Amino acid sequence: MIMYINCIKYNNSLVDGPGIRTVLFMQGCDIHCPGCQNPATWDIKKGNEIDVATLVEKLDKNVINKKITISGGEPLLQKEALFELVKELHKRGFDIALYTGHKKEEVPKEIIQYLTYLKTGNFIKELKTTVKPFVGSTNQEFEKVGK
């Protein structure tokens, strides 16, 4: 199955979930929050096409501590590929955080079952925060949803 990604930042984030995390930025967004930190991810056609199986192998080899945050863009724009990705990473023992601009009830339970953490809610520029951990604005929620 094909997925569109923007880039992978390996083993260097302290702000995208607990621990030192790799961040996978998926390509494509249908929300377009004013003040978005990643507007270059909005157009799915500008992403890098990669097969999910190839991506899983690449992440398994290069993510030393098995901690990954999947962000965007908007990951739920590619639900089927996202499901395959989190299922395969979970099998390999990954601690997975998913960042979405959607509400928790809009995230398929089939995806949530493979996650450790979930960040929900769209970014609101006027509510920007630097003190609430792992979110960009105070309306967003970051919660543990799995093991």
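Our subject in this report is the structure included herewith.

Each value, and the rule that gives it
- Residues numbered from 1 in each chain as written.
- Predicted model: local features only at pLDDT ≥ 70, side-chain atom pairs only at ≥ 80, totals over all residues.
- Heavy atoms only, no water.
- Buried < 20%, exposed > 50% of the residue type's maximum accessible area, 1.4 Å probe, protein only.
- Helix = DSSP H or I, 4+ residues; strand = E, 2+ residues; numbered from the N terminus.
- Pairing = 2+ DSSP bridges.
- Contact = heavy atoms within 4.5 Å.
- Salt bridge = Lys/Arg side-chain N within 4 Å of Asp/Glu carboxyl O.
- Core = buried A, V, L, I, M, F, W, Y, C linked by side-chain atoms within 4.5 Å.
- Axes fitted to C-alpha atoms, helices over the stretch in contact; angles between N-to-C directions.
- Left-handed = near helix turned anticlockwise from the far one by under 90°.
- Nonpolar A, V, L, I, M, F, W, Y, C, P; charged D, E, K, R; others polar.
- Arc of directions from axis to C-beta.
- Polar contact = N/O pair within 3.5 Å; in protein donor to acceptor, adjacent residues only side chain to side chain.

**Regarding the pairing of strand 2 (residues 21–26)**
At step 1: Strand 2 sits mainly inside the fold: 6 of its 6 residues count as buried.
At step 2: Alternating residues of strand 2 divide into Arg21, Val23 and Phe25 and Thr22, Leu24 and Met26, and every residue in both groups is buried.
At step 3: For strand 1 (residues 2–13) and strand 2, the ladder comprises 5 bridges, and the chain directions are antiparallel. Pairing of Lys9 across the sheet is with Val23, part of strand 2.
At step 4: Two elements, strand 2 and strand 4 (residues 67–71), share 4 bridges in a ladder whose sense is parallel. When the bridges of strand 4 are listed, Thr22 appears paired with Ile68.

**Some thoughts on the environment of Ala81**
At step 1: Position of Ala81 relative to the elements: it lies in helix 2 (residues 79–91).
At step 2: Of the residues examined, Ala81 reaches a relative accessible area of 3% and is grouped as buried.
At step 3: It is 26 Å that separates the C-alpha atoms of Ala81 and Gly19, two residues lying 62 residues apart in sequence.
At step 4: Apart from residues lying up to four places away in sequence, Ala81 is in contact with Met1, Ile2, Met3 and Val52.

**Describing the pattern of salt bridges**
At step 1: All chains considered together, the criterion is met by 8 salt bridges.
At step 2: Residues Asp95 and Arg21 are paired through a salt bridge, measuring 2.8 Å at the closest nitrogen-oxygen approach. Placement of Asp95 in strand 5 (residues 95–99) and of Arg21 in strand 2 is noted, with a sequence separation of 74 residues between them.
At step 3: Take Asp95: its relative accessible area is 15%, and that puts it in the buried class.
At step 4: With a closest N to O distance of 3.5 Å, Glu141 and Lys132 form a salt bridge.
At step 5: Since its relative accessible area comes to 25%, Lys132 is described here as partly exposed.
At step 6: Taken together, the salt bridges that share partners define one network made up of Glu57, Asp60, Lys66 and Arg92.

**Observations concerning the nonpolar core**
Soluble globular proteins: nonpolar side chains tend toward being buried together.
At step 1: Counting 28 residues, the largest nonpolar core has Leu24, Leu55, Leu59, Ile70 and Leu85 as the members making the most contacts within it.
At step 2: Elements that contribute at least two residues to this core include exactly strand 1, strand 2, helix 1 (52–62), strand 4, helix 2, strand 5 and helix 3 (109–112).
At step 3: The element best represented in this core is helix 2, accounting for 5 residues.
At step 4: For Leu55, the contacting residues outside a window of four places in its chain are Met3, Ile5, Ile8, Leu24, Ile50 and Leu85.
At step 5: Tyr99, Tyr117, Val135 and Phe142 belong to the second largest nonpolar core, which has 5 residues in total.

**Looking at the packing of helix 1 against helix 2**
At step 1: Between helix 1 and helix 2, the shortest axis-to-axis distance is 10 Å and the interhelical angle comes to 35°. For the crossing formed where helix 1 meets helix 2, the hand is right-handed. Taken together, the residues of helix 2 that come into contact with helix 1 (itself represented by Val52, Leu55, Val56 and Leu59) are Ala81, Glu84, Leu85, Glu88 and Leu89.
At step 2: The residue inventory of the contact of helix 1 with helix 2, partitioned by class, reads 7 nonpolar, no polar and 2 charged.

**Some words on helix 1**
At step 1: Within the span of helix 1, buried status applies to Val52, Leu55, Val56 and Leu59. Down the axis of helix 1, the sector holding all buried residues measures 100°, keeping them to one side.
At step 2: Summarising the contacts, the buried residues of helix 1 are in contact with strand 1, strand 2, strand 3 (48–51), strand 4 and helix 2.
At step 3: Capping of helix 1 at its N-terminal end is provided by Asp51; its side-chain oxygen lies 3.1 Å from the backbone amide nitrogen of Ala53.

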